[in-house]
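# Secondary and tertiary structure notes
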Amino acid sequence: MIKQRFIKTLIVATGAILSASALATEWQVVPETSSVGFIGTQQGSRFNGRFQKFSAKISLDEKDPTKGSIVGVVQTASVNTRDSDRDASLLEKDWFDVKDYPEARFESKSIERGDDGSYKAMGQLTLKGQTKPAILKFTLAKSETSAGSATAAQFKGTMVVNRFDFNVGEGWNDTSWVAQDVTVEVNLDLKK
C-alpha cells in the first residue's frame, strides 16, 4: 500500500513538472540576423565590438517567467572591434586569454518580469576563469501571426560588466586609459 502511494505521488509530481516546463516556449536563435556585442571606452572614446561566434538557449513562459532559463555562450577568439591592433591585444593573456579561456558563458538562475513588461535574468557570468553574479536586463517582442500565435520574436538585452571582476585587462588599471565598465548588448532574432 505504501509502495503504491509512493508511485502515485511520484507520477503526479513528474506530471506536474513536465506540464509546467511545457508552458515555457523554447526559442531558437537565427544567427544570420543576430548579434552579441559590447561597448567599451578607450582613452575617453567609446568603441563597439562584437563576437562573431555565439550561441544561446532561451526558454521563457511569459505568464510565469520563473520557469524560464537563458544560457548564452560566446567564443572570445571571435572578437571584432574593427581595429586589428586592438583585436590582437584582446586575444592575449592580459585581456581575454583566449588560449586558456576560449568561451564566456552566462547562465540564468532566476528570471523576473517588471511592471513595464521588461525582464531581468539574474545569473552567473563566467569569463576568463572567474564566475560572478550578473544581471541581464532584456525585452522580448513577439511577432504575432494572424492566428494569434507567435513563431518569431526579438530579444534585446544589456548587461554591465566590471572588467576588473574578471581580470580582463590585467595591468591596465588606469581607467582613464581603458574604462572599468563594459556594456554587453545582445540582439537576437528568434524562431520556434
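In this report, we go over the structure that sits alongside the text. Quick caveat, the model's predicted, so the values are computed rather than measured.

When helices and strands are tallied, the protein shows two helices and eleven strands. Traced from its N-terminal end to its C-terminal end, the protein shows the element sequence α-β-β-β-β-β-β-α-β-β-β-β-β. Within the protein, buried positions represent 34% of all 192 residues. Across the protein, contacts joining residues at least 24 apart in sequence account for 55% of those joining residues at least 6 apart. Surface exposure of the protein reaches about 11600 Å², of which carbon and sulfur atoms provide 52%.

Summed over the entire model, instances satisfying the criterion amount to seven aromatic pairs. Judged by centre distance (5.5 Å) and plane angle (45°), the rings of Phe-38 and Phe-51 are tilted. Taken together, the residues span a long stretch of sequence, with Phe-38 in strand E2 (residues 35-42) and Phe-51 in strand E3 (residues 45-51) at a distance of 13 residues. Judged by relative accessible area, which is 8%, Phe-38 ranks as buried. Residue Phe-51 is classed as buried on the basis of its relative accessible area, which comes to 9%. An aromatic cluster is defined as three or more aromatic residues linked by ring pairs; in this entry it consists of Phe-38, Phe-47, Phe-51 and Phe-96. One Lys or Arg, Arg-86, reaches over the ring of Phe-47 and ends 4.0 Å from the middle of that ring.

Most peptide bonds adopt trans geometry, and most residues besides glycine take a negative phi value. One non-glycine residue with positive phi stands out, namely Arg-82, at about 60°. Along the polypeptide, Arg-82 turns up in the loop between strand E6 (79-80) and helix H2 (84-91). Its identity as a non-glycine residue notwithstanding, Asp-97 has a phi of 50°, on the positive side. Positionally, Asp-97 belongs in the loop between H2 and strand E7 (103-113).

Let's shift gears to the environment of Val-168. Position of Val-168 relative to the elements: it lies in the loop between strand E10 (150-162) and strand E11 (181-191). Contact partners of Val-168, with chain neighbours within four places excluded, come to Asp-94, Trp-95, Phe-96, Leu-127, Lys-128 and Arg-163.

Now for the pairing of E3. Examined bridge by bridge, E2 and E3 share seven bridges and lie antiparallel to one another. Looking at the pairing, Ile-39 lines up with Asn-48 of E3. Between E2 and E3, which pair antiparallel in sequence order, lie two residues; one of them, Gln-43, sits at a positive phi of approximately 50°. Here E3 pairs with E6 via two bridges, running antiparallel. Paired with Phe-51 across the strands is Val-79, a residue of E6.

Side-chain positions along a regular strand alternate between the two faces of the sheet. Of the pairings in the sheet, the one linking E7 to strand E8 (residues 119-127) comprises eight bridges and is antiparallel in character. Looking at E8, one finds that Glu-107 is bridged to Gln-124. Counting the residues that bridge the hairpin from E7 to E8 gives five residues, and of these Gly-117 lies at a positive phi of roughly 90°. As judged from the nine bridges shared by E8 and strand E9 (residues 130-144), these two strands associate in the antiparallel manner. Directly across from Met-122, in E9, lies its bridge partner Ile-135. Taking the residues that link successive antiparallel strands as the turn, the E8-E9 hairpin has two residues, and the phi of Lys-128 there is positive, at about 55°.

Empty space among the atoms can be located by rolling a probe the size of a water molecule over them. Considering only enclosed or pocket space, the largest pocket measures out at about 830 Å³ in volume. Along the wall of the largest pocket there are 41 residues; nearest its centre are Phe-38, Phe-51, Phe-96, Val-182 and Val-184. With five residues, the top contributor of residues to the lining of the largest pocket is E2. Of the residues belonging to the lining of the largest pocket, the class tally is 30 nonpolar, six polar and five charged.

Each value, and the rule that gives it
- Residues numbered from 1 in each chain as written.
- Predicted model: local features only at pLDDT ≥ 70, side-chain atom pairs only at ≥ 80, totals over all residues.
- Heavy atoms only, no water.
- Helix = DSSP H or I, 4+ residues; strand = E, 2+ residues; numbered from the N terminus.
- Buried < 20%, exposed > 50% of the residue type's maximum accessible area, 1.4 Å probe, protein only.
- Contact = heavy atoms within 4.5 Å.
- Areas by Shrake-Rupley, 256 points an atom, 1.4 Å probe, with all protein chains shown as cover.
- Phe/Tyr/Trp six-rings, centres within 6.5 Å; stacked < 30°, edge-to-face > 60°.
- Lys NZ or Arg CZ within 6 Å of the ring centre and 35° of its normal.
- Pairing = 2+ DSSP bridges.
- 1 Å grid on protein atoms, 1.4 Å probe; cavity = no way out; pocket = protein on both sides within 12 Å on 5 of 7 lines; lining within 4 Å.
- Points joined across faces, edges and corners; volume = space filled by probe spheres on them.
- Nonpolar A, V, L, I, M, F, W, Y, C, P; charged D, E, K, R; others polar.

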